[in-house]
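Observations on the model geometry
What follows is the residue order along each chain.
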Amino acid sequence: MKTKLASSIGMLVLALMFIPAQARAAGNAPDSKLSVFVDCHCSDPVGGDFCSALKSKVGDSVAYRLVDHADAYGIGVHLWCVDLFTGLPGVSSNLTGTMSAVSVAFTIYADRLPGEVYEDSSVFRVGKDAADEMSDRILSAVGQLATANKAVFEHIRTTPKPVAAPTMHPVQ
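These lines cover the structure that appears in this document, whether it is placed above or below. (Residues numbered from 1 in each chain as written. Predicted model: local features only at pLDDT ≥ 70, side-chain atom pairs only at ≥ 80, totals over all residues. Heavy atoms only, no water.)

Time to look at the state of the cysteines. In this structure the tally under the stated criterion is two disulfides. The residue that forms a disulfide with C40 is C51, at a sulfur-sulfur distance of 1.6 Å. Its S-S torsion of approximately 85° makes the covalent link between C40 and C51 right-handed. On the criterion of sequence distance, the pair formed by C40 in strand β1 (residues 34-42) and C51 in helix α2 (residues 45-60) is long-range, its members being eleven residues apart. Of the residues examined, C51 reaches a relative accessible area of 6% and is grouped as buried. Across the disulfide, C42 is cross-linked to C81 (sulfur-sulfur distance 2.1 Å). You can see C42 sitting in strand β1 and its partner C81 sitting in strand β3 (residues 73-83), a full 39 residues away along the chain. Accessibility classification places C42 together with C81 in one group, the buried group. Numbered in order of appearance, the disulfide-bonded cysteines of the chain are paired 1-3, 2-4. (Disulfide = S-S within 2.5 Å. Helix = DSSP H or I, 4+ residues; strand = E, 2+ residues; numbered from the N terminus. Buried < 20%, exposed > 50% of the residue type's maximum accessible area, 1.4 Å probe, protein only.)

In short, geometric facts, not functional conclusions.
Encoded structure:
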């Protein structure tokens, strides 16, 4: 019995030693995290909470790095939010601030592309108590786009940037 327990503990220790080494090798390398640029245009409180929740999840992710501008290459998440009930005739004013209509456009970008490339878009509603759940869904969509474009990102990452040739000026 003691031998089985000791061997089980030994295997567990070896497994715990191996897994963190792999995580360090994959997770701490500068190129290991894909950049995600979350661009929010949300002036209503629910949309603002949704945007903050999404940025927080991207920032806490082991797979993504939250960036404040489109850098070398990555995925752009562009959000536009409006209060669903503001200014609607016949709608009770106590509904204002309870739900946001959100438009999201996903792009991929790279410093070698002429601009951001459209990938997908969607329009949905977010209730004031659903910002966390909906930000999980958007992060899942980012994962799907990252998987679909994995070969593109790998090619961009491994292909050296072209170096500009010096301009020759004749001596006068």
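That shown, we press on.
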